[in-house]
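# Structural description and commentary
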Amino acid sequence: MGISNNPAGRGGSLLNVNEAFVFVFSVSLLVSCNTGKDVIHPERRDLTEAVYASGKIYPKNDYKVFSKLPGYVEEIHVRAGDTVKIGQPLITIRSEISAINVETAKNQLALAQKNAAENGPLLSSLQQEVNSAHSRYELDSVNYQRWSNLYKQNAASQLQVDQAGVQLEGSRAAYTRAKGNYISTRDRLQTERANAELQFEAQSSNRSDYVITAAVHGMVYDVIPKKGELVSSQMPLLEIGNATNFEVELSIDETDIALIKTGQVIVYAIDAYKGIEFTGNVEQEYLRISPVNKTSKVIGTVTIPATMKVYSGMSVEANIVISEKKNVLVIPREYLLAGDLVNIKGKDDPVKVTTGAADLRYVEITAGLAETDELVKE
């Protein structure tokens with residue numbers, strides 16, 4: 001018998017793992033008929049408490065491949081089922097926009113390099129202005145010195161000396177401006193050249209991004225687009241993951257999540273393999289409840305024989321073992337009334353009992369009943 005698929009809240013989700021784990025017990029209830037009433041005795045049996053969960057199997061290190069930029073699928077280098085290595089080409093994307101961007105960046109770089117060159121037209125023109133201003137400054141310096149000497153010899157007036165001084169100051173300022181303009185323009189052009197180089201490298205790198213390679217060793221589980229199809233950066237192209245190791249993503253009802261601990265045993269039933277049970281352990285808990293379905297995610301390990309073919313996204317049902325009790329006194333759930341009361345044959349009023357663990361079929365009785373008591377179900 002396989003795992004039960006009947007989750008039912010806190011009580012209902014604790015499944016009959018005696019059925020789920022194919023535990024067979026030889027003890028049977030003694031049932032008789034007494035004036036239309038079913039009469040049984042409490043019995044001792046092993047009781048396993050478990051939480052029901054459902055989910056999907058995924059390869060370890062599973063990831064989806066995306067293109068950084070939009071374009072058309074030019075070539076698909078792999079097929080579903082192929083094993084790939086890191087760096088192996090997976091798919092090639094073609095984009096005319098990318099080629100245009102690379103060519104534009106190349107032209108801008110060539111212009112920036114030309115402008116930033118010392119013998120380029122712009123810097124050469126500014127250098128000529130600097131040279132001209134420097135020549136004028138040197139000439140005015142000589143003239144000022146000459147008028148100063150003549151003044152000392154009483155061969156020139158103070159006015160002539162002052163005029164030569166004003167002329168010298170003007171040419172000095174012009175020379176300083178021309179030299180500063182040259183330096184600032186040269187620095188700006190060098191920065192523009194550096195930025196153009198970075199832009200060209202970036203566009204060239206983007207062009208290489210159109211040959212998408214594998215980021216991990218693994219198997220190709222899915223190839224989504226077809227050759228010639230237009231794809232975007234939000235569209236998954238391939239799914240790649242481990243070829244031999246798998247994990248299970250389970251959804252646990254929020255009423256049961258507090259019972260889950262790392263390391264607990266999990267027993268799985270895979271829909272594709274009816275009648276076969278697989279085992280694993282709780283590996284990771286996610287401390288968040290989904291507001292949509294009020295469940296939390298748990299990742300579990302799973303052991304699958306190498307001879308079995310596994311598809312990414314296979315549906316599974318699971319029982320996570322919470323506790324196992326040996327030789328405990330139990331009664332069927334249908335004999336337990338509201339308020340933990342039971343009807344005992346020969347007594348007019350229901351009797352209060354103390355309960356313990358439970359699964360879908362049985363409830364543990366820790367006090368209030370003996371094995372010799374006869375329970376009546378109305």
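Numbering of residues begins from 1 in every chain and follows the order in which that chain's sequence is written. In view of the model being predicted, local features appear only for residues whose pLDDT reaches at least 70, and side-chain atom pairs are presented and counted only at 80 or more, with totals across whole chains, interfaces and linings using the full set of residues. Hydrogens and waters are ignored; side-chain quantities use all the structure's heavy atoms.

## With respect to the overall build of the protein chain
- Working definition: helices are DSSP H or I runs of at least four residues, strands are E runs of at least two. Numbering for both runs from the N terminus. Summing up its helical and strand segments, the protein chain has five helices and 21 strands in all.
- The cut-offs for exposure are 20% and 50% of the maximum accessible area for each residue type, with area from a 1.4 Å probe on protein chains only; residues under the lower value are buried, those over the upper are exposed, and the others partly exposed. Split into buried and exposed, the 378 residues of the protein chain put 35% on the buried side.
- Should any heavy atoms of two residues lie within 4.5 Å, those residues are counted as being in contact. Taking as baseline every contact in the protein chain between residues at least 6 positions apart, the subset at least 24 positions apart corresponds to 72%.
- When the accessible surface of the protein chain is totalled, it reaches about 21,100 Å², and 51% of it is carbon and sulfur. For the accessible areas, the method is Shrake-Rupley and the probe is 1.4 Å, while residue cover comes only from the protein chains on display.

## Section: the environment of glutamine 108
- With respect to the helices and strands, glutamine 108 occurs in helix α3 (residues 96–116).
- By relative accessible area, which is 46% here, glutamine 108 ends up partly exposed.

## A look at the side chain of glutamate 239
- Its location among the elements puts glutamate 239 in strand β11 (residues 236–241).
- Only four residue types enter the charge count, namely Lys and Arg as positive and Asp and Glu as negative; His and the chain termini do not. Only one rule defines a salt bridge in this text: a Lys or Arg side-chain nitrogen within 4 Å of an Asp or Glu carboxyl oxygen. Notably, glutamate 239 is buried but unbridged: the nearest opposite-charge side chain belongs to lysine 64, and the N-O separation is 4.4 Å.
- The contact partners of glutamate 239, leaving out residues within four places of it in the chain, are Asp62, Tyr63, Lys64, Met219, Val220, Tyr221, Asp222 and Ser312.

## Side note on the packing of aromatic side chains
- Paired rings are identified among Phe, Tyr and Trp, the last through its six-membered ring, by centres lying within 6.5 Å, and are further divided according to the angle between planes into stacked (under 30 degrees), edge-to-face (over 60) and tilted (the rest). Counted according to the given criterion, the structure contains two aromatic pairs.
- Centre to centre, the rings of tyrosine 137 and tyrosine 175 are 5.9 Å apart; their planes meet at 5°, and the pair counts as stacked. Of the two residues, tyrosine 137 sits in helix α4 (residues 121–152) while tyrosine 175 sits in helix α5 (residues 158–208), which places them 38 residues apart along the sequence.
- A residue is classified by how much of its surface remains accessible, and tyrosine 137, at 21% relative accessible area, is partly exposed.

## A few points about the side chain of asparagine 242
- Here asparagine 242 shows up in the loop between β11 and β12 (246–253).
- Sequence-distant contacts of asparagine 242, that is, excluding residues within four places in its chain, are made with Pro59, Lys60, Asn61 and Tyr221.

## Some words on the sheet that holds strand β7 (residues 89–94)
- Any two strands between which DSSP finds at least two bridges are classified as paired. With respect to topology, four strands assemble into an open sheet ordered β8-β7-β5-β10, the strand pairing being antiparallel. Bordering the open sheet on either side are β8 (211–213) and β10 (230–231), each of which pairs with just one other strand.
- Here β7 runs beside β8; their pairing, made up of three bridges, is antiparallel. Paired with proline 89 across the strands is threonine 213, a residue of β8.

## Some words on α4
- Taking 1.5 Å of rise per residue, 32 residues should cover 46 Å, and α4 covers 47 Å from first to last C-alpha, within 8% of that figure.
- When we look at burial in α4, the residues that qualify are Leu123, Leu126, Val130, Ala133, Asp140 and Ser148. Helix span, as expected, comes to 1.5 Å for every residue beyond the first.

## Brief notes about the nonpolar core
- Ranked by size, the top nonpolar core spans 23 residues in total, and within it Ile57, Leu250, Ile252, Ile260, Tyr268 and Ile304 carry the most contacts.
- Mapped by element, the contributors of at least two residues to this core are β3 (43–59), β12, β13 (265–270), β14 (277–289) and β16 (314–332).
- Not counting residues within four places of it along the chain, the set of residues in contact with isoleucine 304 comprises Ile57, Phe246, Ile270, Phe278 and Val310.
- Of all hydrophobic cores here, the second largest spans 16 residues; its members include Val84, Ile212, Val220 and Ile240. We call a set of buried Ala, Val, Leu, Ile, Met, Phe, Trp, Tyr and Cys residues a nonpolar core when their side-chain atoms join them within 4.5 Å.

## Thoughts on the sheet that holds strand β6 (residues 83–84)
- Taken in spatial order, the four strands line up as β4-β11-β9-β6 in an open sheet, and their pairing is antiparallel. With one partner strand each, in any of the chains shown, β4 (63–66) and β6 form the two edges of the open sheet.
- In terms of strand pairing, β6 meets strand β9 (residues 218–223) through two bridges, oriented antiparallel. Bridge pairing in β9 links valine 84 to glycine 218.

## What to know about the pairing of β13
- Counting buried residues along β13, five of its six residues qualify, which places the element largely inside the surrounding structure.
- Hairpin geometry of β13 and β14 is characterised by an intervening segment of six residues between the two adjacent antiparallel strands and by a positive phi of about 80° at glycine 275.
- Where β13 meets β16, five bridges bridge the pair, whose relative direction is antiparallel. Its bridge partner being in β16, isoleucine 266 is matched across the sheet by isoleucine 320.

## Topic: the pattern of salt bridges
- Applying the stated criterion across every chain yields a total of 13 salt bridges.
- Taken together, the shared-partner salt bridges in this structure form one network comprising Lys60, Glu247 and Glu283.

## Considering unusual backbone geometry
- Backbone geometry places asparagine 61, a non-glycine residue, at a positive phi of 55°.
- Look at lysine 294: it is not a glycine, yet its phi comes out positive at around 60°.
- Relative to the assigned elements, lysine 294 resides in the loop between β14 and β15 (295–301).

## So, the confidence of the model for the protein chain
- pLDDT measures how confident the predictor is about each residue, on a scale from 0 to 100. Confidence along the protein chain averages 85 in pLDDT terms, with 88% of residues attaining 70 or more.
- Predicted confidence in the protein chain is weakest over helix α1 (residues 9–12), with a mean pLDDT of 36, and strongest over β15, with 96.
- Here residues 1–36 scores under 50 on pLDDT; set against residues more than four positions off or in separate chains, the count is 98 contacts.

## As for the environment of tyrosine 182
- Position of tyrosine 182 relative to the elements: it lies in helix α5.
- Residue tyrosine 182 is classed as buried on the basis of its relative accessible area of 9%.
- Between the C-alpha atom of tyrosine 182 and that of glutamine 128, which follows or precedes it by 54 residues, the distance is 9.8 Å.
- Among all residues touching tyrosine 182, those that are not within four sequence positions of it are Glu118, Leu123, Leu126, Gln127 and Val130.

## Section: the environment of proline 350
- Tracing the backbone shows proline 350 in the loop between β17 (341–342) and β18 (351–352).
- In this structure proline 350 comes out as partly exposed when scored by relative accessible area, which is 41%.
- Separated by ten residues in sequence, proline 350 and aspartate 340 place their C-alpha atoms 9.5 Å apart.
- In contact with proline 350, not counting residues within four places along its chain, are Leu341, Val342 and Asn343.

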